[in-house]
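Structural overview
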Amino acid sequence: MSYLNRAKKWLLGTFLVYAVLVSTNLGEFWPFSIYPMFSQAGNPWVRAVVRDISDNDTDTILWEPTSRDQILGLPFAVEPTGINQNDVANFVSKSRDWTPRRTAALRKLFHTNLADRSLLIYRVTGELSEDRSISVRYEPYIVMTPDTTILHPEMTP
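Here's what I pulled together on the structure shown here. Just so you know, the residues in each chain are numbered from 1, in the order the chain's sequence is written. With pLDDT at 70 or above as the cut-off, local features in this predicted model cover only qualifying residues; side-chain atom pairs require 80 or more to be listed or tallied, and sums for whole chains, interfaces and linings still use all residues. Note: side-chain values were computed over all heavy atoms of the structure, leaving out hydrogens and water.

We now examine the packing of aromatic side chains. For this analysis, a ring pair means two rings from Phe, Tyr or Trp (six-membered ring only for Trp) whose centres lie within 6.5 Å, classed as stacked if their planes differ by under 30 degrees, edge-to-face if by over 60, and tilted for the remaining angles. Per the counting criterion, the structure on display carries 4 aromatic pairs. Judged by centre distance (6.5 Å) and plane angle (50°), the ring pair of Phe-76 and Phe-110 falls under tilted. Separated by 34 residues along the polypeptide, Phe-76 in the loop between strand E2 (74–75) and helix H3 (85–94) and Phe-110 in the loop between helix H4 (100–109) and strand E3 (119–128) bring together distant segments of the chain. Throughout this description, buried means an accessible area under 20% of the type-specific maximum (1.4 Å probe, protein chains only), exposed means over 50%, and partly exposed covers the range between. By relative accessible area, which is 0% here, Phe-110 ends up buried. Taken together, a centroid distance of 6.2 Å and an interplanar angle of 25° make the contact between Phe-91 and Trp-98 stacked. Assigned by exposure class, Phe-91 and Trp-98 land together as buried. Think of it this way: any DSSP run of H or I at least four residues long counts as a helix, any run of E at least two long counts as a strand, and we number them from the N terminus.

Shown next as structure tokens:
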């Protein structure tokens, strides 16, 4: 067998293995799947922003989406308090049914920080518009006071 035929068989085999691996992983294959800029480029994204609203009245919160310059309270840095930002973002983006157990788990994440303050978690949604601009919405999602958790009115308790 000539070197050219052997090279063709190896190349065909490599492409076949690659096609099988990509097809079984929903079109994503390492190394591209570990970099969101490749695997999720252009898709809408959801993150969380935590604000300290201890100086605000929690009864007057408007549950309507707003812009960044209209959000309430002061920034609350989660990393220095031992909370992982990705944990908060996962609670906000992946929780569909807010059962009492899930709500208690979120409160447990912030337990030492709720002794003397009230926190408002915003669900921040960003997406690429048709005109190629980026739109970002800040939606009040959960209010946690030292003794109460108030969910967005449209969320299922």
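This brings us to the pattern of salt bridges. We define a salt bridge as a side-chain nitrogen of Lys or Arg found within 4 Å of a carboxyl oxygen belonging to Asp or Glu. Under the counting rule described, the total for this entry stands at 2 salt bridges. Measuring nitrogen to oxygen at the nearest pair gives 3.7 Å for the salt bridge that ties Arg-137 to Glu-139. A relative accessible area of 42% means that Arg-137 is categorised as partly exposed. Residue Glu-139 is classed as buried on the basis of its relative accessible area of 15%.

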